[in-house]
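Examining the three-dimensional arrangement
Chain by chain, the residues run as shown.
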Protein chains: 4
Amino acid sequence: MFYQKATRIVFFGDSITEAAVKPDGFITRLGEAIAKKGLTDKYELIGSGIGGNKVYDLYLRMDDDVLSKNPDVVVIWIGVNDVWHKTSYGTGTDPDKFEKFYVAIIKKLQAKNIKLVLCTPAVIGEKTDYTNQQDGDLNRYSQIIRNLAAKYNCDLVDCRKIFLEYNLKNNPENKEAGILTKDRVHLNEQGNQLVADKMMEVLVR
Amino acid sequence: MFYQKATRIVFFGDSITEAAVKPDGFITRLGEAIAKKGLTDKYELIGSGIGGNKVYDLYLRMDDDVLSKNPDVVVIWIGVNDVWHKTSYGTGTDPDKFEKFYVAIIKKLQAKNIKLVLCTPAVIGEKTDYTNQQDGDLNRYSQIIRNLAAKYNCDLVDCRKIFLEYNLKNNPENKEAGILTKDRVHLNEQGNQLVADKMMEVLVR
Amino acid sequence: MFYQKATRIVFFGDSITEAAVKPDGFITRLGEAIAKKGLTDKYELIGSGIGGNKVYDLYLRMDDDVLSKNPDVVVIWIGVNDVWHKTSYGTGTDPDKFEKFYVAIIKKLQAKNIKLVLCTPAVIGEKTDYTNQQDGDLNRYSQIIRNLAAKYNCDLVDCRKIFLEYNLKNNPENKEAGILTKDRVHLNEQGNQLVADKMMEVLVR
Amino acid sequence: MFYQKATRIVFFGDSITEAAVKPDGFITRLGEAIAKKGLTDKYELIGSGIGGNKVYDLYLRMDDDVLSKNPDVVVIWIGVNDVWHKTSYGTGTDPDKFEKFYVAIIKKLQAKNIKLVLCTPAVIGEKTDYTNQQDGDLNRYSQIIRNLAAKYNCDLVDCRKIFLEYNLKNNPENKEAGILTKDRVHLNEQGNQLVADKMMEVLVR
């Protein structure tokens, strides 16, 4: 008799990931796509998103919420609040500290032989003329994540780039929401589908 | 006997304009360029910049510092602090209020038959990969100013665009200062010269 | 035949004043108290509050919303957002600018022989151990208003002081909301009644 | 022959602690007071302050800068920047995260049998009429630290309380600096002496 353990994937992030396990969310959609391929037994998807989380929140709850689950793969999607909270609460994260905590998470998870997929923060506002307030800062933090993915040999789902390219094609009226998000930040159906598709490419192959 | 009044130009702005009357500043350089053309008698240049000013500071001191001087032309260069102070003091200016005060200034000056030259805020950081923290916000406020210039028939010196284009050519190492600014915001010699050249094109013809 | 014009009072402020015309609001309650005294014909109460307003919003809409109504008395209650927006949007108001715009409002209204009642901002959080985040800043802006009331001979309803004294007596558990506010800022029934009572003392005599 | 190891004390903090090893600083003064008592051999004082540090900076460098030195006692003085950076950079620390990182530091140091002395953040502005912008927030974070000192059995140097009491007696003109600080935050001679005196009471007995 033969038994092959399913690949356990934990999605570790903020409110965007928290909503991803809802019926329309990207984790749910990813599960459906996996089912369509007849691979349901091979993948176990676990959402671990908490609204408002910044990189150091992930760091602080990594033992309880991720390591305790013994995952094979962890998908880290964080950064929107690190940027956004600078003006909405005065408690954003300095870019150098963002990197330090991100590296601490990477090292601790890789030490357990967990495969990592890093995601860049997508958008705070979908305008395509580069006038969203946090565009520069999101680009900066995304660049930090891209560099870390390269340096630490992690897979990358470059949501920042993916969302911008999609909007450049599909947002001709320069709207600030309604294309991939419902409120400038949180994913609508189309956004969840786009993310599910891109995750599929990286996670299931 | 014939006497022709010189064109009196007031430069109305923040610390960048405040520094512009120094020996290396763009107002001084503009004066020198005018002298070279033998036009010194035809232009009177007056600096009225105060460090830290935002659009509503200009509004509040417009009577005392500009109208009292009976200018023919006013060059308005404001916006960096309206964006910057959001994170450095928590007292930036909302974009809709920025526009309202800007319009109030335009209307009051135009009611006195003063010709206006509007300038977009140049840079807070000279990096060319669009990762300067305030890039999105500076683009947004610049777009407001461009629209106002068009709507109210004002000349425009589009410093935001001019500086970006210059940096794309001359900042191959993606430095955040040292190309046109000495400290990410305030102009160095090259920055002052570039601004003087562009002002010359608009003001002296 | 004798006709005596009613005293027209405009309440000029932010969301707290905007809500004051609701059935439970302090303007409604004030009207009811006036009716009980049989003075309904002598007072006309007009609410002019807009959510999110800061001092310079009042300044910008003063002509349209207050002067156009030819009031005899204007009750100005502003300041919470000037402080609060520092961390919630990065667009609070510097204290020196707060004073300048406040003075501009006072001068313009007094030039029309309008009697003024100034109110200090009450609370952002009702904790009584002085640990509400904005306590120091609210005290500062309240002190500016108290000084202006004295300097420009205006009546004062010192809500900051009134609310603190009430909470010191009635908030033994150091709650941050629920005593005079429903959400740390906006008035509940008891808060509206307290304000109506204090306004009554100043406005009707 | 008898050898008694000196008590090794590390002062762990921000710019205030960084400056404390200068000739006039409180660590230097504490060393001099210890010398006067003829106890120089019994205490070894080590400064480990870095300008701009917040609680999570201490957390991140705890291994390298404190544990590596095998201290007997650690004096933790942090919090000013966690509050201040909310408006000066948009990157202050949420109070609940402040507590979480503080607890993580306490637990890790106490696990090594290190005795802890916690200090509350003193002042950002010395005005005594409770109108310093950050007064409420400093009170809040100080209360968190007082509670942690009680809960985890640490000694407490309550600088917030000590500085306020001193100013209430010695700052009759309600100045915002110049009594115990040179610039609203960093200690002048008198401030350093006051802290040295209070540290002496707790550390040397």
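Residue numbers restart at each chain and count upward from 1, following the sequence in its written direction. Whichever chain is written first is A, and whichever ligand is written first is 1; the rest continue in order. Only residues with pLDDT of at least 70 are given local features in this predicted model, and only at 80 or more are side-chain atom pairs given and counted; all residues enter the totals for whole chains, interfaces and linings. In computing side-chain values, all of the structure's heavy atoms are included and hydrogens and water are not.

The next point concerns the packing of helix 2 (residues 26–36) of chain A against helix 8 (residues 189–203) of chain A. Residues and elements named next belong to chain A. At a minimum axis distance of 8 Å, the contact between helix 2 and helix 8 shows a crossing angle of 50 degrees. By the angle class used here, helix 2 and helix 8 are oblique. In this structure, helix 2 meets helix 8 at a crossing whose hand is right-handed. Mapping the contact onto sequence places Phe-26, Arg-29, Leu-30, Ala-33 and Ile-34 in helix 2 and Glu-189, Asn-192, Gln-193, Val-195, Ala-196, Met-199, Met-200 and Leu-203 in helix 8. Amino acid classes used here: Ala, Val, Leu, Ile, Met, Phe, Trp, Tyr, Cys and Pro are nonpolar; Asp, Glu, Lys and Arg are charged; the rest, including Gly, are polar. Grouping the amino acids of the contact of helix 2 with helix 8 by side-chain chemistry returns nine nonpolar, two polar and two charged. Axes here refer to lines fitted to C-alpha atoms; in helices the fit is confined to the stretch in contact. Angles between the N-to-C directions go from 0 to 180 degrees. Put simply, DSSP marks the helices as runs of H or I at least four residues long and the strands as runs of E at least two long, and each gets a number from the N terminus on. What sets the label is the angle itself: under 35 degrees gives roughly parallel, over 145 gives roughly antiparallel, 65 to 115 gives roughly perpendicular, and the rest give oblique. Throughout, a crossing is termed right-handed when the near helix is turned clockwise from the far one, and left-handed when it is turned anticlockwise from it by less than a right angle. By the convention used here, residues are in contact when the closest approach between their heavy atoms is within 4.5 Å.

On to the sheet that holds strand 2 (residues 43–49) of chain C, then. What holds strands together in a sheet is hydrogen bonding between their backbones, with the strands either parallel or antiparallel. Residue and element names in this part refer to chain C. By this definition, two strands are paired if DSSP reports at least two bridges between them. Read across the open sheet, the five strands follow the order 2-1-3-4-5; overall the sheet is parallel. Unpaired on one side and paired on the other, strand 2 and strand 5 (155–157) mark the two borders of the sheet. Looking at each pair of strands side by side, their axes are set apart by 20 degrees on average, direction ignored. Note: strand 1 (residues 7–13) against strand 2, seven bridges, orientation parallel. Directly across from Phe-11, in strand 2, lies its bridge partner Gly-47. Helix-sheet contacts for helix 3 (residues 55–65) involve strand 1, strand 2 and strand 3 (73–77), and the interaxial angle to strand 1 is about 150 degrees.

Turning our eyes to something else, we now look at the relation of the copies chain A and chain D. Its rotation angle being 180 degrees, the transformation that places chain A on chain D also includes 0.0 Å of axial translation and leaves an RMSD of 0.0 Å. One copy is carried onto the other by what is essentially a two-fold rotation axis. Comparing interface residues between copies, 100% of those in chain A also lie at the interface in chain D; the contact surface is shared. C-alpha atoms of residues with pLDDT of at least 70 in both copies form the basis for the least-squares superposition of the copies.

Criterion for a salt bridge: a side-chain nitrogen of Lys or Arg within 4 Å of a carboxyl oxygen of Asp or Glu. Counted by the stated rule, this structure contains 60 salt bridges over all chains. Note that B:Asp137 and B:Lys86 form a salt bridge whose closest N and O atoms lie 2.8 Å from each other. With a gap of 51 residues between them, B:Asp137 in helix 6 (residues 135–151) and B:Lys86 in helix 4 (residues 80–88) connect regions that are remote in the sequence. Where C:Lys97 meets C:Asp94, a salt bridge forms, and the shortest distance between an N and an O atom there is 3.4 Å. You'll find C:Lys97 and C:Asp94 in the same group, each marked buried. One continuous salt-bridge network, built from bridges that share partners, spans A:Lys54, A:Asp57, D:Asp94 and D:Lys97. Here the term buried applies to any residue with accessible area under 20% of the maximum for its type, exposed to any over 50%, and partly exposed to those in between, with areas from a 1.4 Å probe on protein chains only.

Turning to a nonpolar patch on the surface, a few remarks are in order. Residue and element names in this part refer to chain A. Any residue with relative accessible area above 30% and no salt bridge may belong to a patch, with like charges joined within 9 Å and the nonpolar Val, Leu, Ile, Met, Phe, Trp and Tyr side chains within 5 Å. Residue burial considers only the protein chains on display, and all accessible areas are found by Shrake-Rupley using a 1.4 Å probe. Side chains of Tyr-130, Leu-164 and Leu-168 sit close together on the surface and give an oily, nonpolar patch of about 270 Å² of accessible area. Its place among the elements puts Leu-164 in helix 7 (residues 159–170). Judged by its relative accessible area of 31%, Leu-164 is partly exposed.

Here the focus is the sheet that holds strand 4 (residues 115–119) of chain B. All names here are of chain B. An order of 2-1-3-4-5 is seen for the five strands of this open sheet, with the pairing classed as parallel. The open sheet has two free edges, formed respectively by strand 2 (43–49) and strand 5 (155–157), since each of these has just one partner strand. Averaged over neighbouring strand pairs, the angle between their axes works out to 20 degrees when direction is ignored. Against the sheet, helix 2 (residues 26–36) engages strand 1 (7–13), strand 2 and strand 3 (73–77), with an angle of about 175 degrees to strand 2. Its contacts with the sheet put helix 8 (residues 189–203) on strand 1, strand 2, strand 3, strand 4 and strand 5, and the angle it makes with strand 3 is roughly 145 degrees.

The subject of this paragraph is the relation of the copies chain C and chain B. For the match of chain C to chain B, the screw axis carries a shift of 0.0 Å, the RMSD comes to 0.0 Å, and the turn is 180 degrees. Of the interface residues in chain C, 100% have counterparts in chain B that sit at the interface too, so the contact is made through matching surfaces.

A few words now on the packing of aromatic side chains. Pairing of aromatic side chains requires ring centres within 6.5 Å, counting the rings of Phe and Tyr and the six-membered ring of Trp. Pairs whose planes differ by under 30 degrees are stacked, by over 60 edge-to-face, and all others tilted. As enumerated under the stated definition, the model contains 36 aromatic pairs over all chains in all. On the numbers, 5.0 Å between centres and 70 degrees between planes, the contact of D:Phe98 with D:Tyr141 is edge-to-face. Here D:Phe98, found in helix 5 (residues 95–110), pairs with D:Tyr141, found in helix 6 (residues 135–151); they are 43 residues apart in sequence, far enough to count as distant. Grouping aromatic residues by their ring pairs yields a cluster made of A:Tyr56, A:Tyr59, A:Phe101, D:Tyr56, D:Tyr59 and D:Phe101.

Moving on to the interface of chain A and chain D. Listed per partner, the contact involves 15 residues of chain A and 15 residues of chain D. Simply put, the buried area is the total loss of 1.4 Å probe accessible area from both parts when two parts are fitted together. The largest share of the area that chain A buries against chain D comes from A:Tyr56, A:Leu60 and A:Phe101, three residues that together contribute 34% of it. Between chain A and chain D we count four salt bridges in total. Across the salt bridge formed by D:Asp94 and A:Lys54, the nearest N and O atoms sit 2.6 Å from each other. Definition of a polar contact: a pair of N or O atoms within 3.5 Å, with one able to donate and the other able to accept a hydrogen when the atoms are protein atoms, and with sequence-neighbouring residues admitted only if both atoms are side-chain atoms. Inspection of the region where chain A meets chain D yields eleven residue pairs in polar contact (both at pLDDT 80 or more). Contributing elements (two or more residues each) for the side of chain A that touches chain D: helix 3 (55–65), helix 4 (80–88) and helix 5 (95–110) of chain A. With four residues, the top contributor of residues to the side of chain A that touches chain D is helix 3 of chain A. A per-class count over the side of chain A that touches chain D returns four nonpolar, five polar and six charged.

A few words now on unusual backbone geometry. All names here are of chain A. Although it is not a glycine, Asn-153 sits at a positive phi angle of roughly 60 degrees. Of the residues examined, Asn-153 reaches a relative accessible area of 72% and is grouped as exposed. At Arg-184, a residue that is not glycine, the phi angle is positive and equals roughly 85 degrees. Within the secondary structure, Arg-184 is located in the loop between helix 7 and helix 8. Assessed through its relative accessible area of 24%, Arg-184 is described here as partly exposed.

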